[in-house]
Amino acid sequence: MTCMTAVQTTSPGDRPRPGLRERKKIKTREAIRAATYALVEEQGYDATTIEQIAERAEVSPSTVFRYFPAKEDIVLTDEDDAVLLEELRGRPADEPWADSIRHMLRETVRTGVEEDREVARLRTRLMVEVPAVRSRMMESMSATGRMLCTAIAERTGRDPDSLEVRVYAMSLLGGLMETSLYWAENGHRDDFADLVDRSLRVLQQGLPREGP
């Protein structure tokens, strides 16, 4: 089904700047993340405690838990989901759906990997090495999946709770997660953007045939 409503394109400059309170919250979240990444690099994930993170970030342990219910969430959560869905919603209404999805995934690479490759390598390595992080990632996919279902439904005119939309959304997220794991399992040697393009081709065209 074609899109039922026109969607106007937006640029980062068009987005309203967060208020002072929200900027303070973002700064606190970033400080907690930075402290966590530094400690994990120094002593490993399991040895890093919430108390140590709080001390390094110069906040209280209760503040850490207020922003991140579990230690795994510090590693996994970021500010990207809402921005990426906004990018998807902001694509031209007459743009082919596959092109819109490719744009969103490229933005995922840009914001999640290219802007800080060391953090991206650490996060994906922990997804491979720490079962609790990988398990939490699976749990968090459901929340991101619901947001993506809403965005897909807005664009296609479908019911966000329909089986087709839910399967499509979770296929995209699952493919992106497996791409991240593959990247880490293979020593981050490949270009992540190329791996994402390969994954998208599989989702669009199916599994390629082996051999001549």
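Residues numbered from 1 in each chain as written. Predicted model: local features only at pLDDT ≥ 70, side-chain atom pairs only at ≥ 80, totals over all residues. Heavy atoms only, no water.

1. Side note on the overall build of the protein chain
Consideration 1: Along its length, the protein chain carries ten helices and zero strands.
Consideration 2: Taking all 212 residues of the protein chain together, the buried fraction comes to 38%.
Consideration 3: In the protein chain, 67% of the contacts between residues at least 6 apart in sequence involve partners at least 24 apart.
Consideration 4: Surface accessibility of the protein chain: about 12400 Å² in total, with carbon and sulfur atoms responsible for 52%. (Helix = DSSP H or I, 4+ residues; strand = E, 2+ residues; numbered from the N terminus. Buried < 20%, exposed > 50% of the residue type's maximum accessible area, 1.4 Å probe, protein only. Contact = heavy atoms within 4.5 Å. Areas by Shrake-Rupley, 256 points an atom, 1.4 Å probe, with all protein chains shown as cover.)

2. Description of the packing of aromatic side chains
Consideration 1: With the rule as written, the count across this model stands at one aromatic pair.
Consideration 2: Ring geometry for Trp183 versus Phe192: centroids 4.9 Å apart, planes at 50°, classification tilted.
Consideration 3: By relative accessible area, which is 3% here, Phe192 ends up buried.
Consideration 4: Sitting over the face of the ring of Tyr45, Lys71 holds its NZ or CZ atom 4.1 Å from the ring centroid. (Phe/Tyr/Trp six-rings, centres within 6.5 Å; stacked < 30°, edge-to-face > 60°. Lys NZ or Arg CZ within 6 Å of the ring centre and 35° of its normal.)

3. Description of helix α9 (residues 163-185)
An α-helix turns once every 3.6 residues. As a result, residues three or four positions apart point the same way.
Consideration 1: Under the 1.5 Å per step criterion, the end-to-end length of α9 is 32 Å for 23 residues, consistent within 8% with the ideal 33 Å.
Consideration 2: Looking only at α9, the buried set comprises Val165, Ala169, Leu172, Leu173, Gly175, Leu176, Met177, Thr179, Ser180, Leu181, Trp183 and Ala184.
Consideration 3: Once α9 finishes, Gly187 follows within two positions and takes phi at roughly 70°, a positive value. (Expected span 1.5 Å × (residues − 1).)

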